[in-house]
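# Descriptive analysis of the structure
Below are the chains, spelled out letter by letter.
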Amino acid sequence: MSEQKQQWGSRLGVILAVAGSAVGLGNFLRFPGQAAQNGGGAFMIPYFCALLLLGIPIGWAEWTMGRYGGRKGFHSAPAIMGVVGKGRVARYFGIIGVLIPLGVYFYYILIESWCLSYCFEYTRQLFGLTGLGIDAQAPIADQAKVAADFYDNFTGAKFDGVTVQGGLHESVVFWALTFAINVWFVYRGLSKGIEAFCKWAMPAMAVCALIVLARVLTLPANDAAPDQNVVTGLGYMWNPDFAALKDPKAWMAAAGQIFFSLSVGFGVIINYASYMKRKDDVVLSGLTSSATNEVFEVGFGGMITLTSAFIFLGAAGTAAAVKGGSFSLGFKTLPIVFAQMPMGDLIGALWFFMLFLAAITSSLSMLQPTMAFIEEAIGVGRKLSTTLVTLVSLIGSFWVLWFSKDAVALTTIDDWVGTFLIVVLAAVQVICFGWVFGVDRGLAEAHEGAQMRIPALFRFILKFVAPAYLIVAIVMFCKDAMPGMIANLGASPVARNTMILIGAVIAGLMLLTYLGEKRWRAAGLDVDGERGPDDVAPKR
């Protein structure tokens, strides 16, 4: 549908790109925070249940639907969902698969720039220059205040617009630099841009993570509290308190973490898979990318963050640290830990460089689905679609940058787009795959070219368990969280105006879907999935 057909350079490239999309700040900041808030080791049981019952099977469904839609000549979630869901209702629900990555990008790129700036500050400290300014000899309370003040001043957490007052603020420089890097790689396309970057970024992340993990696992016990050592720190993560499993919030948090972590229900996998060839293995590719994500999340993110925090802060201190959210643990608490740690400046620089790489491999994936949608909806080329997406994302990201006080704009988008709508899209996708397209037909499509077969048990999971799980999750979310979110819109003008901004984006995506549908029908494409699987897009 675009001027030049996009393709992956290799199967390894697409696996690393999808894994890079999944491996992000959710692995290293959100996962440890969720685990600490939900009983440490007790969280791991519902976490792995959600991985097996939701993450992996729905991921397989997305890989399969994406590749099938690509054979029909489509590369965007609205178009592909219209084919798989056989009609206009599914097509318009597919808009969520464009809104989520674009909306999350509005604030994700900002957090990404924080990681780059913290890496810069720790590098300065390595050369004896002023960085975060934490004195390791000062009382912990004083260190905590310095770390919190640095974060608040840098991110503008106290006042809206503070980041552009009194001259060019340092955070704006890092934000602009990070934004430019993302646009440059995305403009280069799939194989020369996203794939090329992920091929070296993923190994580099693994090297950094291994170095930091080795430092953490060789830390001596806390002199003030000898029971706070590596062994008990690992036990905090892996020894379950079975009584905590009775709390339904732990199960809901685990499901949400799996979605956010694996990019399931995000609109990225379905787009990436659409560029695969017919005989490319989606079963093994999907499993490999999920396994890679788990290595980074559980093996690196959890063991590094939770173990180091436990050694220096203990169980109570770690739990208290995450009450301020994942950002509090990553940007306020870990700098205190690094200050106490031998070679702390080097470890801090490597840690935040790794976070930056993890963030950018994810943010690159967030622009691609929107660009693909624009290209095939109105028939423009890569250059114009990049320009349009850059303008929209620039407006949205600057909105979050400007309304920085208490992160209201950021939180509003994350709650509605980055949390609620992910579950909604995943539910729509698995229902379309299991009930409309047909689970047997879907699995047969998945097995085409596959070197391994999906176990028969997953037929039952995809058709019954996953849809029921997600419907219950949506109902519980609407019952428990939605009233507070709605009340916040009424109480906060910034939150309300942020939702108006999101509404304007939705309206634009609906218009593009309407124009795209007319264009696709005129081109003779199988818009509603009424023809056979071998009826591909007509050659132009």
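Before any of the text, the structure's been laid out above.
Residues numbered from 1 in each chain as written. Predicted model: local features only at pLDDT ≥ 70, side-chain atom pairs only at ≥ 80, totals over all residues. Heavy atoms only, no water.

With that out of the way, let us pick up the packing of aromatic side chains. Enumeration according to the criterion identifies 34 aromatic pairs in this entry. Note on Y236 and F310: the rings are 5.5 Å apart at their centroids and 25 degrees apart in plane angle, and the pair reads as stacked. Here the residue Y236 occupies a position in helix α10 (residues 230-238), and F310 occupies one in helix α13 (residues 282-321), the gap between them amounting to 74 residues. Residue Y236 shares its accessibility class with F310, and that shared class is buried. Taking the centre distance of 5.4 Å and the plane angle of 75 degrees together, the rings of F296 and F300 count as edge-to-face. Residue F296 and its partner F300 are located together in helix α13, separated by 4 residues, close to a single helical turn. For F300, a relative accessible area of 8% corresponds to the buried category. Among the aromatic side chains, those forming a connected cluster through ring pairs are W114, Y118, F120, Y122, F150, Y151, F154, F174, F331, F338 and F352. A cation over a ring is seen here: K463 above W435, with NZ or CZ 3.6 Å from the ring centre. (Phe/Tyr/Trp six-rings, centres within 6.5 Å; stacked < 30°, edge-to-face > 60°. Helix = DSSP H or I, 4+ residues; strand = E, 2+ residues; numbered from the N terminus. Buried < 20%, exposed > 50% of the residue type's maximum accessible area, 1.4 Å probe, protein only. Lys NZ or Arg CZ within 6 Å of the ring centre and 35° of its normal.)

Right, let's get into helix α15 (residues 344-378). Taking 1.5 Å of rise per residue, the 35 residues of α15 would be expected to cover 51 Å, and the 52 Å separating its terminal C-alpha atoms lies within 8% of that figure. Among the 35 residues in α15, 31 count as buried, and that is most of the element. Just downstream of α15, G379 is the residue with a positive phi angle, here 70 degrees. (Expected span 1.5 Å × (residues − 1).)

Time to look at the packing of helix α6 (residues 96-126) against helix α7 (residues 140-155). Between α6 and α7, whose axes approach to 12 Å, the crossing angle comes to 130 degrees. As summarised for this structure, α6 and α7 are arranged oblique, according to the angle between their axes. The crossing of α6 and α7 is right-handed. Seen from α6, the contacting residues are W114, S117, Y118 and E121; seen from α7, they are F150, Y151, F154 and T155. The class makeup of the residues in the contact of α6 with α7 is 5 nonpolar, 2 polar and 1 charged. (Axes fitted to C-alpha atoms, helices over the stretch in contact; angles between N-to-C directions. Parallel < 35°, antiparallel > 145°, perpendicular 65-115°, else oblique. Left-handed = near helix turned anticlockwise from the far one by under 90°. Contact = heavy atoms within 4.5 Å. Nonpolar A, V, L, I, M, F, W, Y, C, P; charged D, E, K, R; others polar.)

A separate point is empty space enclosed by the protein. The final tally for this structure, using the stated rule, is 4 cavities of 30 Å³ or more. In this structure, the largest cavity encloses a volume near 90 Å³. As for the largest cavity, its lining consists of 15 residues, of which S21, Y108, F260, S362 and M366 are closest to the centre. Going through the elements one at a time, α1 (11-22), α2 (25-37), α6, α11 (248-262) and α15 are the ones with two or more residues in the lining of the largest cavity. Considered class by class, the residues forming the lining of the largest cavity number 7 nonpolar, 8 polar and no charged. Computed from the structure, the second largest cavity encloses a volume of approximately 60 Å³. What lines the second largest cavity is V18, A22, G55, G59, W63, L262, V264, I269, S289 and S290. For the lining of the second largest cavity, the secondary-structure elements that each account for two or more residues are α1, α3 (41-71) and α13. Broken down by class, the residue content of the lining of the second largest cavity amounts to 6 nonpolar, 4 polar and no charged. (1 Å grid on protein atoms, 1.4 Å probe; cavity = no way out; pocket = protein on both sides within 12 Å on 5 of 7 lines; lining within 4 Å. Points joined across faces, edges and corners; volume = space filled by probe spheres on them.)

Here we take up α6. A rise of 1.5 Å per residue sets the reference length of α6, with its 31 residues, at 45 Å; its end C-alpha atoms lie 44 Å apart and thus fit the reference within 8%. The largest bend in α6 is about 40 degrees, located at F106. Counted residue by residue, α6 has 27 buried out of 31 residues, so it is predominantly covered. Of the residues trailing α6, G128 is marked for its positive phi of about 80 degrees. (Bend = angle between axes of the 7 residues up to and from the residue.)

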